[in-house]
2 protein chains.
Amino acid sequence: MFDGLISELIDALRCLPGVGPKSAQRMALHLLERDRERALRLAGAITAAAERVGRCRRCRALTEAEECRICASARRDPKLLCVVETPADLFAIEQSGSYQGRYFVLLGRLSPIDGMGPEEIGIDQLLRRLAGEPIEELILATNLTVEGEATAHFISEHATAMGISVSRIAHGVPLGGELEYVDGGTLSHAFASRRRMFS
Amino acid sequence: MFDGLISELIDALRCLPGVGPKSAQRMALHLLERDRERALRLAGAITAAAERVGRCRRCRALTEAEECRICASARRDPKLLCVVETPADLFAIEQSGSYQGRYFVLLGRLSPIDGMGPEEIGIDQLLRRLAGEPIEELILATNLTVEGEATAHFISEHATAMGISVSRIAHGVPLGGELEYVDGGTLSHAFASRRRMFS
């Protein structure tokens, strides 16, 4: 239907998450009908980021520098280390403003079926950090999925053996969540992890 | 929060329609975490399309060639010409398979406030086509907005003066639309445009 280059653009846009054929077409026509300069700027930004963004050598977060901003910052608590699965998880925690330590990004989770073993998610590198840095508490913030839980258990066993205190972020009913609409899995987790009041 | 190049990428992605800060961030991380080659392919497709896609010299549709496929096709009825506002409208009509003539794409609508006069939307070019080609019927498929209606009226006056039969696509209750849920404007249009049965 569309000419070659436009079809190719629509096709290429579908690699973006949440973009189906209809949105890809809308995006392509928008880029071509409106501001071509912005389209070229977008192409340049994708190229620059794809070619030059690498991983932080300490925490494996995405960065174009040797070390990411958080690892390089002297204002971060060196005694706390939080393990997350993805850079998006790291960003969500940073936005909440509730954590002042450093991070370690697995960029995945243990999943033997997908060929993700301990080395693929950098657990050897994490253990080297635990051995070489003055870390006192390791906070596991992997997701509450089968793979995320397995990953948390695997890391906690190794870290505990090294004498490091390991904790897991709390899972339960979210703020403002009405019990009526919370799923059964979350509710049973909330009951199993209940805490005594006025202790 | 994010490093320079990643922030720039997130910012650039927001030029896409329907992409807010959260989706832009998700898209940027997806492009960087997963397949960098696809990201580069996307950048290449945007650049190629933005630099080489122009307008068909006959109908103003987007194309990389001198003439778009529809104008170049000998199987299209040369006696019918349909006026649409955007290439997306043209695509929607083509997908319905209900029209075999050629098109003229305004790439806009009459809107003096936005500086869109008859020349900006190519009406002079349209009138030259009407004068030079064996067109018998001009079908106006601009949108049913104030500007779309004004554009349709403006074109119909000029085309009628040239002795060409002008029609407007029908507006009314859509297929499968239940009267209960159809908006008042559509309903009053459906009543005003009612047709005698068995005529």
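Predicted model, so just to flag it, every value in this text is computed and none were measured.

Caption draft 1: A look at helix α1 (residues 4-13) of chain A. Where α1 of chain A is concerned, the buried positions are Leu5, Ile6, Leu9, Ile10, Ala12 and Leu13 of chain A. For α1 of chain A, the angular spread of buried residues about the axis comes to 165 degrees, placing them on one side. Packed against the buried residues of α1 of chain A are α2 (21-33) of chain A together with α3 (36-52) and β2 (62-63) of chain B.

Caption draft 2: Just the relation of the copies chain B and chain A, in detail. Its rotation angle being 180 degrees, the transformation that places chain B on chain A also includes 0.1 Å of axial translation and leaves an RMSD of 0.1 Å. Taken together, the rotation angle and the small translation identify this as a two-fold axis. If distances are taken from each C-alpha of chain B to the rotation axis, the shortest is found for Ala43 of chain B, at 2.1 Å. When the interface residues of chain B are mapped onto chain A, 100% of them again lie at the interface, so the same face is used by both copies.

Caption draft 3: Highlighting the sheet that holds strand β4 (residues 101-105) of chain B. All names here are of chain B. One open sheet accounts for 4 strands, arranged β4-β3-β5-β6; its pairing is parallel. Each having just a single partner strand, β4 and β6 (165-168) make up the two edges of the open sheet. When strand polarity is set aside, the average angle formed by the axes of neighbouring strands in this sheet is 25 degrees. Bridge count between strand β3 (residues 77-84) and β4: 5 bridges; the pairing is parallel. Residue pairing across strands places Val84 opposite Val105, the latter belonging to β4. Together, β3, β4 and β5 (137-140) form the strand contacts of helix α6 (residues 123-132), whose direction differs from that of β4 by roughly 155 degrees. Those strands touched by helix α7 (residues 146-161) are β3, β5 and β6, and its axis lies near 165 degrees from that of β6.

Caption draft 4: How the structure looks around the packing of aromatic side chains. Residues and elements named next belong to chain A. Under the definition given, this model contains 2 aromatic pairs over all chains. Here Tyr99 and Tyr103 contribute two aromatic rings whose centre-to-centre distance is 5.2 Å and whose plane-to-plane angle is 65 degrees, an arrangement assigned as edge-to-face. For Tyr99, a relative accessible area of 10% translates into the label buried.

Caption draft 5: The arrangement of the interface of chain B and chain A in detail. Listed as interface residues are 55 residues of chain B and, on the opposing side, 55 residues of chain A. Carbon and sulfur atoms make up 70% of the surface buried where chain B meets chain A, a total of about 5200 Å² over both sides. Here chain B is connected to chain A by 2 salt bridges. We note a salt bridge from Arg41 of chain A to Asp11 of chain B, for which the minimum N-O separation is 3.2 Å. Applying the counting criterion to the chain B and chain A interface returns 12 residue pairs in polar contact (both at pLDDT 80 or more). Of all the elements, α3 of chain B adds the most residues to the side of chain B that touches chain A, at 15 residues. Its residues assigned to classes, the side of chain B that touches chain A comprises 33 nonpolar, 8 polar and 14 charged.

Caption draft 6: Highlighting the nonpolar core. Ranked by internal contacts, the top residues of the largest apolar core, which has 54 residues, are Leu42 and Ile46 of chain A together with Leu42 and Ile46 of chain B. The contacts of Ile46 of chain B, once residues within four sequence positions are left out, are Leu9, Leu31, Ala39, Leu42, Ala43 and Ile46 of chain A.

Caption draft 7: Focus on the pattern of salt bridges. Using the criterion set out here, one finds 20 salt bridges over all chains in the structure. Glu94 of chain B is the partner of Arg76 of chain B in a salt bridge, and the nearest nitrogen-oxygen pair spans 2.5 Å. Of the two residues, Arg76 of chain B sits in the loop between α4 (69-72) and β3 while Glu94 of chain B sits in helix α5 (residues 87-96), which places them 18 residues apart along the sequence. Glu94 of chain B carries the same exposure label as Arg76 of chain B, and that label is buried. Between Arg168 of chain B and Glu149 of chain B there is a salt bridge whose closest N-O contact spans 2.7 Å. Separated by 19 residues along the polypeptide, Arg168 of chain B in strand β6 and Glu149 of chain B in helix α7 bring together distant segments of the chain. In the salt-bridge network here, residues are joined through shared partners; they are Arg57, Arg58, Glu66, Glu67, Arg129 and Glu133 of chain A.

Caption draft 8: Molecular detail of the domain arrangement of chain A. Looking at chain A, the domain boundaries give domain 1 (4-52) and domain 2 (62-196). Each of domain 1 of chain A and domain 2 of chain A has a C-alpha centre, and these two points are 34 Å apart.

What counts, and at which threshold
Residues numbered from 1 in each chain as written. Chains lettered and ligands numbered in written order. Predicted model: local features only at pLDDT ≥ 70, side-chain atom pairs only at ≥ 80, totals over all residues. Heavy atoms only, no water. Buried < 20%, exposed > 50% of the residue type's maximum accessible area, 1.4 Å probe, protein only. Helix = DSSP H or I, 4+ residues; strand = E, 2+ residues; numbered from the N terminus. Arc of directions from axis to C-beta. Contact = heavy atoms within 4.5 Å. Least-squares fit on C-alpha atoms with pLDDT ≥ 70 in both. Pairing = 2+ DSSP bridges. Axes fitted to C-alpha atoms, helices over the stretch in contact; angles between N-to-C directions. Phe/Tyr/Trp six-rings, centres within 6.5 Å; stacked < 30°, edge-to-face > 60°. Buried area = accessible area lost by both parts, 1.4 Å probe. Salt bridge = Lys/Arg side-chain N within 4 Å of Asp/Glu carboxyl O. Polar contact = N/O pair within 3.5 Å; in protein donor to acceptor, adjacent residues only side chain to side chain. Nonpolar A, V, L, I, M, F, W, Y, C, P; charged D, E, K, R; others polar. Core = buried A, V, L, I, M, F, W, Y, C linked by side-chain atoms within 4.5 Å. Domains from an automatic or database assignment.

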